[in-house]
Structure formats: C-alpha cells, structure tokens
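# Architecture at a glance
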Amino acid sequence: MLIIAGPLLATELEESLLTTDTYISYDYDSKSVMYEKNSNIKISPASLTKLMTALLLYESNSLNQDINAKFPQGYEYSGKVAYLEEGLVLTTEELLELLLVYSANDAAYIAAMEISNNIDSFVELMNLKAKEIGMVDTLYVNPDGLDELGHETTLNDLLTLSIYIIENTKLLDITSKKKVFLDLGGTNTFSNTNLLIDEGFEGLKTGWTSKAGLTFVGFNQNNSRRVITIVNNSFVDTEKINHFIDTKSLYIKSINDFAVNNLIKSNNVIYKIYNPKSITNYYPDKEINSFTRTNLAIQEFIEIKNNKFLISFNNLEMKETFNIPSSNYKIDYQFHWSNRFLNNIFNN
C-alpha cells in the first residue's frame, strides 16, 4: 500500500485554542506536519535540552554500566535537582531515569562529566551531535537547559531530535515510566514530570523556565496513530499545567482533522473493456492513499496516453499511472469523475 503525504498540510490553529503560538504536530507514519506555527523561530528549550544530554549518555554507555557521580569544580545546585552527592554510584539507566523522568539538573552535570570530564567539551559534543542529525538552528550552551544567553533551538530541530530518539534508541522505555525508585542511601521515589502518561503520552520531555515558558514534547501511539506534538512558551499558570492542556488540544485537533485518505482501493474497477463476448474489469495493482486534511475535496483529472491510464490529483500534486493492455479494437473512453474509474469501450 502506497501512502503519499499531501502538500496541503501544516496549517495554523484558531488563536484561542492554545495558550501559546509556538507549536507543531507531526504524524510519524506519514512523515507529515499537521498543525504548526512559528516552528522555525529561535526558542529557549528549557529541560528539553536533557533529551540531547540523555542521548549522548545512552550512546556512550551500556545501561548497566556504573557511574561515579562527579561535578565540575564550583558546581552549585540550581533549578530542579535530586540533590545527588559526589561519589554516589549510579548505573547509566538510573542516571537516565533521573534525567528524563524526574528532570534533575544535577543528573545532567553528572552525565556531562561522565562522558567528557569537562562541561565545555560536553557542550561541544552536544552541538556536534545536533549538526550530525540535522538540527541546523540549534546551539547548546549547557547540559541542563537553564536559561542562558545563546542557548536556543527551534521546534523543527526539536522534532528532528525527537524522531532520531524514537528511531534509534530505547529511551521511550524510560520516559514512559510514571515513577522510578532509586536507592540513594535509602529508597527514594521520583515521579515523572509528564502528567499525561495515563492519556497515552509516553514521553518525551517536559520543561519550564522564565524564557521558555511551559514546554513539552509529547509522543502518543493511541488511536492507531503515532503522533509527535511539541508546544513551547505555553502560558505559565499557577498549577503549571497549561503545556499539558495545550498538548491535548493540539493532539485531538490533529488526529481529528488529518488522516490517511484512500484515493484508490485495490478492489476499485479503474476501467472496463467491453467486447461482443465479455466485459473485462481491470483493477489497480496498488492502493493509493494520501495523508491529507479529512475535509479536503480531492480534484481528479484522468487521461489516457501511450497505453497508460493516468490519474492526477491536482490539489495533492500527485499523479499515478496504470498500464493498459494493448488491443486491436477501436477504443472509446468514457470518464467517470466521481467514481474514480474510466470505462474503456471496445467495439468491433
């Protein structure tokens, strides 16, 4: 089955629907952006930064590898931290849980020191990895995402990073955990900052700073769809949940307003051959589907050329070709626009 992403996508939502004007939704299977606004402007990523920090740690260490916690000289706890102590022994998996589930800033610095033994060198690795995977408008300045001059990215780059993580790692096994229990000199419980796990959002990361506002990269595999949503700079409400409310609204609109549209089914008769003894039905050798808006009117144009049957879907910029068997009969063509097939009438 062939699925083609229609070009008439990537539209904006009604202004009143979200508390932010910086968002994007992406259908993973059709590789299509659905709703987006300001997806290419520079933004502050806040703790979404930890996705890159976690990726580098994941690719450098095995999950069961022990890490001796170490901080750069003069490090001070800042923002959300787990108050990890220098000399503490953690596995890579436990450190990833603190990074991605609890969003601990001190865990980000331990990860950076584990890989590079130097924060500046680790930040260089972050930026090299960003360029390697196609994040063309991103500059990292620190490993935890606290606001800092020049520390910026775009929604498009965050989408690129999210797709890379989904396709090349098993970090979703970590981001989808509601809680983690770690022995840090006594059992400690760390709850996921993602409050939408029970509603199908398995990750990827939350964030909040004064410059970034409330921000969230969501990945949802419910409803037989795989959808990535990203919101940034959602209004910071008292309960700090607007990024989750915005995400749900963006997700629901996206799956309701965009879908795979079946243009030609395998059991459609695309043309018929009539002769004195029989009528022969001809069926397509492939199904044609396009990912489009659900309310999009498809404009069709059909033509016959060099023993080929061509169907063009002009407002989708698509053209599909089917071979027609050669014949000695005189041929008349009857076009049936609404039924999407062509009757070929062969006469003696």
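Before going into details, it helps to say that this report is about the structure given with it. (Residues numbered from 1 in each chain as written. Predicted model: local features only at pLDDT ≥ 70, side-chain atom pairs only at ≥ 80, totals over all residues. Heavy atoms only, no water.)

### Focus on the environment of Gly-218
Secondary-structure assignment places Gly-218 in strand β9 (residues 213–220). Aside from chain neighbours lying at most four places away, what touches Gly-218 is Phe-201, Gly-203, Leu-204, Val-227, Ile-228 and Thr-229. (Helix = DSSP H or I, 4+ residues; strand = E, 2+ residues; numbered from the N terminus. Contact = heavy atoms within 4.5 Å.)

### Topic: the layout of surface pockets
A volume near 370 Å³ is recorded for the largest pocket. In this structure, the largest pocket is lined by 20 residues; those nearest its centre are Lys-80, Thr-193, Thr-206, Gly-207 and Trp-208. Breaking the lining of the largest pocket down by element, the ones donating at least two residues are β8 (201–209) and α7 (242–257). (1 Å grid on protein atoms, 1.4 Å probe; cavity = no way out; pocket = protein on both sides within 12 Å on 5 of 7 lines; lining within 4 Å. Points joined across faces, edges and corners; volume = space filled by probe spheres on them.)

### Considerations on the packing of aromatic side chains
Tallied over the entire structure, the rule returns twelve aromatic pairs. Ring geometry for Tyr-102 versus Phe-190: centroids 4.9 Å apart, planes at 70 degrees, classification edge-to-face. Taken together, the residues span a long stretch of sequence, with Tyr-102 in the loop between α2 (92–100) and α3 (105–116) and Phe-190 in strand β7 (residues 187–191) at a distance of 88 residues. Phe-190 sits in the buried class, given a relative accessible area of 6%. With a centroid separation of 6.4 Å and 15 degrees between ring planes, the pair formed by Phe-258 and Phe-291 is classed as stacked. In this pair, Phe-258 sits in strand β11 (residues 258–264) while Phe-291 sits in strand β14 (residues 288–293), placing the two residues 33 residues apart along the sequence. Comparing Phe-258 with Phe-291, the two get one shared label, buried. Lys-80 extends its terminal NZ or CZ atom over the ring of Tyr-102, reaching a point 4.2 Å from the ring centre. (Phe/Tyr/Trp six-rings, centres within 6.5 Å; stacked < 30°, edge-to-face > 60°. Buried < 20%, exposed > 50% of the residue type's maximum accessible area, 1.4 Å probe, protein only. Lys NZ or Arg CZ within 6 Å of the ring centre and 35° of its normal.)

### Remarks on the pairing of strand β3 (residues 32–37)
One face of the sheet, then the other: side chains in a regular strand alternate in exactly this way. In terms of burial, β3 is largely enclosed, as five of its six residues are buried. Pairing of strand β2 (residues 23–27) with β3, which is carried by four bridges, proceeds in the antiparallel orientation. Paired with Tyr-23 across the two strands is Lys-37, which belongs to β3. Hairpin remark: β2 followed by β3, antiparallel, with four residues in the connecting loop; positive phi at Lys-31, about 55 degrees. (Pairing = 2+ DSSP bridges.)

### Considerations on unusual backbone geometry
The omega angle of the peptide bond from Gly-203 to Leu-204 is 10 degrees, so this bond is cis rather than trans. Relative to the assigned elements, Leu-204 resides in strand β8. The residue Ser-103 is not glycine, and still its phi comes out positive at about 65 degrees. Relative to the elements of secondary structure, Ser-103 occurs in the loop between α2 and α3. Overall, Ser-103 belongs to the buried group, its relative accessible area being 5%.

### Observations concerning the sheet that holds β3
Read from one edge of the open sheet, five strands run β3-β2-β10-β9-β8, paired in antiparallel fashion. In this open sheet, the two strands that pair with only one neighbour each are β3 and β8. Pairwise comparison of adjacent strand axes, ignoring direction, gives a mean angle of 5 degrees for this sheet. Strand direction decides the pairing type here: β9 and strand β10 (residues 227–234), joined by six bridges, are antiparallel. (Axes fitted to C-alpha atoms, helices over the stretch in contact; angles between N-to-C directions.)

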